[in-house]
Number of protein chains: 2
Amino acid sequence: MINFYKNACCLGALLAIGFVAHTQTIKKLTPYVNPFIGTGAVKGSLSGNNYPGATVPFGMVQLSPDTRDEPEWDAACGYDHNDNFIAGFSHTHLSGTGAPDLFDILFMPYTGDEKTRAGNAQQAGIGYGSRFSHDQESARAGYYQVKLDDYGINVELTATEHAGFHKYSFPKKSKGRVIIDLNHSLKKPNFGCHVIAAQFHMVNDHTIEGFRVITGWAKLRKVYFYAEFNKVIKSNDLVDGGTQYFDQQLLNGTDLRAVLNFDPADGTPLMAKVGLSTVSTQNAKLNLVTEIPAWDFTKTVAQADAKWERELDKIQVEGTSQQKQIFYTALYHTLIQPNNYADVNGDYTDIDYTTHNTKGGFYSTFSLWDTYRAAHPLYTLIQPERSAGFVNSMISQYKAYGYLPIWQLWGQENYCMIGNHAIPVIVDAVLKGIPGIDINQAYEAVKNSSVTDHPGSPFKVWEKFGYIPENVLSQSVSVTLEMGYDDWCVAQLAKKLHKTADYTRFIKRSQYFRNLYDAQTGFFRAKNTDGKRLAPFNPLQYGGNGGNPYTEGNAWQYDWYVPHDVKGLIALFGGEQQFTAKLDTFFTLNSKPGEVNGNASGFIGQYAHGNEPSHHITYLYNYAGQPWKTQRYVAKICSELYNTSSSGYAGNEDCGQMSAWYVFSAMGFYPVNPASGVYVIGTPVMRKSVMLLPLNKRFTVLAPNSSAENIYIQSARLNGKPYTHTFITQQDIMKGGTLEFVMGPKANEHWGIGLADRPTN
Amino acid sequence: MINFYKNACCLGALLAIGFVAHTQTIKKLTPYVNPFIGTGAVKGSLSGNNYPGATVPFGMVQLSPDTRDEPEWDAACGYDHNDNFIAGFSHTHLSGTGAPDLFDILFMPYTGDEKTRAGNAQQAGIGYGSRFSHDQESARAGYYQVKLDDYGINVELTATEHAGFHKYSFPKKSKGRVIIDLNHSLKKPNFGCHVIAAQFHMVNDHTIEGFRVITGWAKLRKVYFYAEFNKVIKSNDLVDGGTQYFDQQLLNGTDLRAVLNFDPADGTPLMAKVGLSTVSTQNAKLNLVTEIPAWDFTKTVAQADAKWERELDKIQVEGTSQQKQIFYTALYHTLIQPNNYADVNGDYTDIDYTTHNTKGGFYSTFSLWDTYRAAHPLYTLIQPERSAGFVNSMISQYKAYGYLPIWQLWGQENYCMIGNHAIPVIVDAVLKGIPGIDINQAYEAVKNSSVTDHPGSPFKVWEKFGYIPENVLSQSVSVTLEMGYDDWCVAQLAKKLHKTADYTRFIKRSQYFRNLYDAQTGFFRAKNTDGKRLAPFNPLQYGGNGGNPYTEGNAWQYDWYVPHDVKGLIALFGGEQQFTAKLDTFFTLNSKPGEVNGNASGFIGQYAHGNEPSHHITYLYNYAGQPWKTQRYVAKICSELYNTSSSGYAGNEDCGQMSAWYVFSAMGFYPVNPASGVYVIGTPVMRKSVMLLPLNKRFTVLAPNSSAENIYIQSARLNGKPYTHTFITQQDIMKGGTLEFVMGPKANEHWGIGLADRPTN
């Protein structure tokens, strides 16, 4: 791959100029962001597990309402659109995950005396909170508002990277009170969750600071805060479990709540600014005063909006209003994370619980089993600087931890899901020439992460058997297939660095998928160490996260996971005809066994768009000369499995992956192999998509007559010349240019079917 | 109090000169240290809970054998002299506590293959270890040796402040193996103990580093280590729970063991140097290379010996060999802790889990309910510089935590026991003029720790009721009595700073003991908030650590706890005659209820020398004109309740308090009120005691004819002049001088009985 970033030193400046020049001419994009998309299931659907609260791109703070006292997996983001009760507003949330955590430093305003609060609490069955209704709730990028029915308080929230800004408008003359709960968390004792230590400290008559150290899905998190109010805290009740302390300056404990009492409302809002840090209260204060120096709520809202506008502006699309809402909300969801946990001075708490300092950001929230597929390839296009930060943060885990992240949360490994999919992310970024990454360090990291045995990765066994035996490690078919892909990625970097022996080793491993293929049934099937296949076998039967060879899916769904050698897979299946026939069956076979994994949803036959193993499959028709079928199913998914409702996603949004699938697919292409720099063409949903690229380049996709009916590509031109390839390369995109499609209501079975038109790898 | 340290700037130099000059002329003292004293109970006794391993004064590392896989309270130091099995050698231990914790980074050498080890392990019922016998075991200050019977390995250990040094002599040609266990701990899940995260990292072919983060009695500890071997680690097996990894560079997990394999023994010992840190592996390495740069085991042993010699030399005594062994082992035990947890560069992990830096040391292991009584007053005499470090470390907890330590372990508050006895320690140090303490900060800390409600200290209730109601806080009689004493201390500092209102407030609180006194029974008795006394009442009945008004004792033992107003107590009891008669009964009343608290032991009537509430009581006769009875009982305790056996203490040694009692008492005096600068005279056990004091002063106590029979003071002279006071002041001691006693076998009921001869407060 060519390095597109030769003038890297000027990159920041150029991008900035591009941004300013551009916003002067186009309409605002943030109005298309609808933070309620994905926030709640409707009958028969899964929730995207998205929250509607306020955050800024890649920020550490996500200030959002929690509609549960102790959220579980079904409201892992803290919010469920079906609820009518808000427990409070906590400062950190995960977007679209299947497991809950965070929910740090909950604030909840209320009015009246202790008895009133207790009464309302009793109604809800928990300690505090208020009813609310969606008709008195609103949200946009970086801003959230809700009326608390029980108290008549209007709550408005906004955020910066490290701080939340609360604005509470109390009914006039009502007694203003705010609860801060340091014990609000995911459902205890799931993940062994409990608070190890916590503290409140009344700094002065308008400031409270403190921290909590908590175990959870992330093994151990230190969360420090520094909170300033715009009005005098007249008195306080600090509570540790059942023990109440009045007007005390400080309290240590594990079950801490603070009730802060203010003068009766005079018509001006009560406001709170809350800085966070993983390092210390001093740093939390520094973060706060740096990012929100003034009591200008409107200004902070405007700044958050501008931050989003700047990022959303990287892709300008034309389509229906609904399409744009889906698109920009999806793009917004891709940019919520990874999160930069480094303080404004660069300090952060590392994976080994030491304090370090970085100038390049310390990014975490790496839901890699999801996001390596499309979210990270998207970042390489529109977030090259952040991409380097992501990769360098992953390499920093390698340095301290011996291997790259699997699922990294608040800088800590939780080993969720399978594979080592930081590898494709890093290899992709390096091969695409993202500046600011040390290629030798990157290679050391991906190689050692591929030979150092660790949970879920028994590499000695891998090389001994040529597959993962199910009796050594469950989910063995999925692991074998995905590990093989990671190996292929390592091989590509070895090749670039002329490490021939390594290349040979890893390219050999990347072909291990063949060792589990059962030609008789046509599926990848598990073996034990004795080499015998597990029987009986039912390709419809679902696995979850252990106890079965398939991960959150079945043999049908995993039958397609050889993104680095689709040609080899086609041959394995007996040729193109058999391959496409099998795909046809896959998309139409509606049989289901008694039990389907909870993550599998959004079905088209056996295809389950609600979970990641399926995400590349629609695009595979192109590899076998039937691109119109790819077009058909991609169009179907875009129109039927994404919408603007609270159940706008077909399953967990998964930290940007479900969204990145849409962003790519709606533009017209998708990275089936996310580290090859090749994007497979599907069908452009948008009439026009313009990507703003480094060096002030633009890549435009035109499909002026794309519509609900016109889903089939009739012909294409790249920079004015006829284009029949069913893929486009990173190189072509980064040069800038225009890819133009003529669309029609009927499949053109002649376009893109030549051998040279098929994607390679 | 006069400041005795006017030339503080020269203090260090003077002390150092004093030390050098002195050691040239006297015999070595370290041979009198017998680390086996207090290491195991004999029939009917309690263990001192002392460990025999290697440590240096106030060091962070205590490298000692653990004879239990998961020690509980009955072997809280890890070692029981009654055991014949050693699990391994871990680097951190508590000396004499009633609760277990630490046991970090266990090393255990063995020979043979995995099967051999498993066989031996099976015998023992645990995962590894070896039998041993005491006839092949030895220890002295800073050095420990044992032969491991199962393997024929001779193990020798020594230590520096932050590092352990292991020397393993294997049988020739035997395969050398060493296990490192990062999951070795107190009995799980007591105190919720579990490892949250741990890591091994093979740095190179002779170095391994890593860490563990663990919860336990201390809520959360980060323990980093860096270990170098003098021989090549030929291979390794890293184990996480049931999963084994071979020859791997790195492993993360929660149940980690490493087996390091070495070449067959060639006759030269295998050695390991292990640095520790609370901050990072880098700091652990820095600590190690700074303190043990070479592979010279003998030199490190000699250095440890010299460090002990230098500290023991601060008090030179003459007595029988056995008395000297008891005395210097006791002195040694007082100097094991508090421990300086700051790294050589000053870094340490603070109570709020942030990293800080100090130049003055960050001391912890504050078992204050025990040590405020005599250990800390002793430090003010012979460890003035350390005393300032202790006080400043306590004040640093106040700054970060809002109140002073109660029981602080590894920098963390565990709220063990009652009262706020950092207060007497700080007030004593300040009033004695220890240099390096900011008096205003000290006052702020002691005052705010006396008005800020916190666990065990409901001060609003205290001031409302004038006592602690049992239905608000259990152990209420003990808390009321001890809290009153702390208040008296705050009042003294308020007085010195001319804070009249504060003085009045706290001196009033110091008299609250009167509110629980029941003249009818003659005991302090609990009341509830309704003011009614709890009934029925049995002054013999024991309380423990909750659920009863008395702490680890009974009404008889707590009847004497008004050390700041013994005169008032005498009056309360009806006068001197009633007071001494009651004391006589106390020391002779042998009745016991069915159940005696496990900490109460070493009985003389109701007096229980094995636990702290009794410690001052023998000295109270002096206050009522019967000093010969003090002399009788002090002599009895010194001769009967201390010895040189493994059960040489009458109960838990308690981080130096049981020892400090002996050190003072054997010299001839004891700080009944530990913050008054007044030492009450008992009976000198030693024929001669010389304390080396700052500014090159010496205070000498002579009792040339003291013996087992000659326990009664016949007459005394201070600096040659007749001395009839039954106390001596800090001022007199610090001036230097000689206090000389003529002893006899019969009580001289005329000496020390004048009104002016009685101690005042």
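Residues numbered from 1 in each chain as written. Chains lettered and ligands numbered in written order. Predicted model: local features only at pLDDT ≥ 70, side-chain atom pairs only at ≥ 80, totals over all residues. Heavy atoms only, no water.

Caption draft 1: Geometry of the overall build of chain A. Looking only at helices and strands, chain A has 19 helices and 39 strands in total. In summary, chain A has a C-alpha radius of gyration of 26 Å against a globular reference of 27 Å for 761 residues, a match within 12%. C-alpha atoms of chain A, sized along the principal axes, occupy 75 × 60 × 50 Å. Relative to its 761 residues, chain A shows a buried fraction of 67%. Pairs at least 24 residues apart make up 69% of the contacts formed inside chain A by residues separated by at least 6 positions. For chain A, the exposed surface amounts to about 23,700 Å²; the carbon and sulfur share of it is 51%. Here chain A carries 65 positive and 68 negative side-chain charges, and the mean point of each set is 6 Å from the other. (Helix = DSSP H or I, 4+ residues; strand = E, 2+ residues; numbered from the N terminus. Rg over C-alpha atoms; globule rule 2.2 N^0.38 Å. Buried < 20%, exposed > 50% of the residue type's maximum accessible area, 1.4 Å probe, protein only. Contact = heavy atoms within 4.5 Å. Areas by Shrake-Rupley, 256 points an atom, 1.4 Å probe, with all protein chains shown as cover. Lys, Arg positive; Asp, Glu negative; His and termini not counted. Charge placed at Lys NZ, Arg CZ, Asp CG, Glu CD.)

Caption draft 2: Spatial organisation of unusual backbone geometry. Residues and elements named next belong to chain A. Residue K188 is joined to P189 through a cis peptide bond whose omega torsion reads 0 degrees. In this structure, P189 sits in the loop between β11 (175-181) and β12 (194-204). With a phi close to 60 degrees, Y415 is a non-glycine residue in the positive phi region. The residue Y415 is located in the loop between β27 (412-413) and α9 (422-431) in this model.

Caption draft 3: Structural context of the nonpolar core. By size, the foremost hydrophobic cluster in this structure holds 215 residues, and its most contacted members are F327(A) and F669(A). In terms of residues, this core owes the most to one element, helix α12 (residues 476-496) of chain A, which gives 11 residues. Not counting residues within four places of it along the chain, the set of residues in contact with F327(A) comprises I315(A), V317(A), Y662(A), V663(A), A666(A), M667(A) and M686(A). The next biggest cluster of nonpolar side chains, apart from the first, holds 214 residues, and it includes L157(B), I179(B), V274(B) and Y633(B). (Core = buried A, V, L, I, M, F, W, Y, C linked by side-chain atoms within 4.5 Å.)

Caption draft 4: A look at the UniProt feature "domain: Glycosyl hydrolase family" (unreviewed entry) in chain A. The feature "domain: Glycosyl hydrolase family" (unreviewed entry), as annotated in UniProt, sits at residues 283-745 of chain A in this numbering. Along residues 283-745 of chain A one finds 39% helix and 14% strand; the C-alpha atoms at either end are 58 Å apart. (UniProt positions renumbered as here; feature names shortened; annotations may be inferred.)

Caption draft 5: Expanded view of the relation of the copies chain A and chain B. At an RMSD of 0.0 Å, chain A and chain B line up after a rotation of 180 degrees and a shift of 0.0 Å along the axis. What the rotation and shift describe, once combined, is the action of a two-fold rotation axis. Within chain A, T355(A) has its C-alpha nearest the rotation axis, a separation of 3.6 Å. When the interface residues of chain A are mapped onto chain B, 100% of them are again interface residues, pointing to one common binding face. (Least-squares fit on C-alpha atoms with pLDDT ≥ 70 in both.)

Caption draft 6: Geometry of the sheet that holds strand β26 (residues 407-409) of chain A. All names here are of chain A. Strand order in the open sheet formed by 3 strands is β25-β26-β27, with antiparallel pairing between adjacent strands. Lying at the two open borders of the sheet, with one neighbouring strand each, are β25 (366-367) and β27. The pairing of β25 with β26 spans 2 bridges and is classified as antiparallel. Bridging from a neighbouring strand, F366 pairs with Q408 of β26. (Pairing = 2+ DSSP bridges.)

Caption draft 7: Summary view of the domain arrangement of chain A. All names here are of chain A. Looking at chain A, the domain boundaries give domain 1 (52-312) and domain 2 (315-757). Taking only C-alpha atoms into account, the centre of domain 1 sits 36 Å from that of domain 2. At the interface, 38 residues of domain 1 touch 39 residues of domain 2. Together, the buried faces of domain 1 and domain 2 total about 3,300 Å²; carbon and sulfur atoms form 58% of this surface. Among the residues domain 1 hides against domain 2, the three largest losses belong to F58, W217 and L312. Together they make up 25% of the total. Across the domain 1-domain 2 interface, the total number found is 0 salt bridges. Looking at which element gives the most residues to the side of domain 1 that touches domain 2, the answer is helix α3 (residues 281-291), with 5 residues. Of the residues assigned to the side of domain 1 that touches domain 2, the class counts are 15 nonpolar, 16 polar and 7 charged. (Domains from an automatic or database assignment. Buried area = accessible area lost by both parts, 1.4 Å probe. Salt bridge = Lys/Arg side-chain N within 4 Å of Asp/Glu carboxyl O. Nonpolar A, V, L, I, M, F, W, Y, C, P; charged D, E, K, R; others polar.)

Caption draft 8: Seen up close, the confidence of the model for chain A. Residue and element names in this part refer to chain A. Mean pLDDT for chain A: 93, with 94% of residues reaching 70 or above. Taken together, the stretch residues 1-25 has pLDDT below 50 and engages in 47 contacts with residues farther than four places along the chain or on a different chain. Here residues 121-126 scores under 50 on pLDDT; set against residues more than four positions off or in separate chains, the count is 9 contacts. In the predicted assembly, ipTM is 0.92 and pTM is 0.94. (pLDDT = per-residue confidence, 0-100.)

Caption draft 9: Spotlight on the pattern of salt bridges. Under the defined criterion, the tally for this structure stands at 57 salt bridges over all chains. With its nearest N and O atoms 2.0 Å apart, the salt bridge here joins E576(B) to R758(B). Of this pair, E576(B) sits in helix α16 (residues 576-586) while R758(B) sits in the segment after β39 (737-744); the two residues are 182 residues apart in sequence, bridging distant segments of the chain. Its salt-bridge partner being K636(B), residue E640(B) comes within 3.1 Å of it at the nearest N-O pair. In this pair, E640(B) and K636(B) are both assigned in helix α17 (residues 627-640), 4 residues apart and thus about one turn of the helix distant. Judged by its relative accessible area of 29%, K636(B) falls in the partly exposed class. What emerges from the salt-bridge pattern is a single network uniting R68(A), D74(A), D80(A) and D83(A).

Caption draft 10: Structural detail: helix α13 (residues 500-509) of chain A. All names here are of chain A. By the burial criterion, the buried members of α13 are D502, F506 and R509. All buried residues of α13 project into a common sector of 55 degrees when viewed along the axis, lining one side. Opposite the packed face of α13, turned more than 90 degrees from it, sit the exposed residues T500, A501 and K508. Elements in contact with the buried residues of α13: α10 (439-448), α11 (459-465) and α12. (Arc of directions from axis to C-beta.)

Caption draft 11: How the structure looks around the sheet that holds strand β38 (residues 727-729) of chain A. Ordered in space as β32-β33-β38 (chain A), the 3 strands form an open sheet in which the pairing is antiparallel. Since the sheet does not close on itself, it has two edges, and those belong to β32 (669-670) and β38 of chain A, each with one partner.

Caption draft 12: Examining a nonpolar patch on the surface more closely. A cluster of nonpolar side chains, L286(A), V289(A) and V344(A), forms an exposed patch at the surface whose accessible area comes to about 200 Å². Looking at the element boundaries, L286(A) is found in helix α3. (Patch = residues over 30% accessible without salt bridge, like charges linked within 9 Å, V, L, I, M, F, W, Y side chains within 5 Å.)

Caption draft 13: Layout of the interface of chain A and chain B. Each partner contributes residues to the interface: chain A has 34 residues there, and chain B has 34 residues. Around 2,600 Å² of area is buried between chain A and chain B when both sides are counted, 58% of it from carbon and sulfur atoms. Area buried by chain A at its contact with chain B is led by I196(A), N252(A) and Y353(A), which between them contribute 19% of it. The interface formed by chain A and chain B contains 0 salt bridges. Taken together, the connections running from chain A to chain B amount to 14 residue pairs in polar contact (both at pLDDT 80 or more). Residue assignment for the side of chain A that touches chain B shows that the elements contributing at least two residues are β12, β13 (207-215), β14 (221-229), β16 (243-246), β17 (250-253), β23 (355-357) and α8 (384-401) of chain A. Considering every element that reaches the side of chain A that touches chain B, the biggest residue donor is β12(A), with 4 residues. Here the residues of the side of chain A that touches chain B sort into 16 nonpolar, 13 polar and 5 charged. (Polar contact = N/O pair within 3.5 Å; in protein donor to acceptor, adjacent residues only side chain to side chain.)

Caption draft 14: The arrangement of the side chain of D66(A) in detail. All names here are of chain A. With respect to the helices, strands and loops of the structure, D66 is situated in strand β2 (residues 62-66). One buried charged residue, D66, remains without a salt bridge, the closest side chain of opposite sign being R212 at 8.2 Å. A distance of 2.5 Å separates polar atoms of two side chains, one belonging to D66 and the other to S90. Those residues within four positions of D66 in sequence are excluded, and the remaining contacts are C77, G78, F85, I86, A87, G88, S90, H93, F103, L106 and H184.

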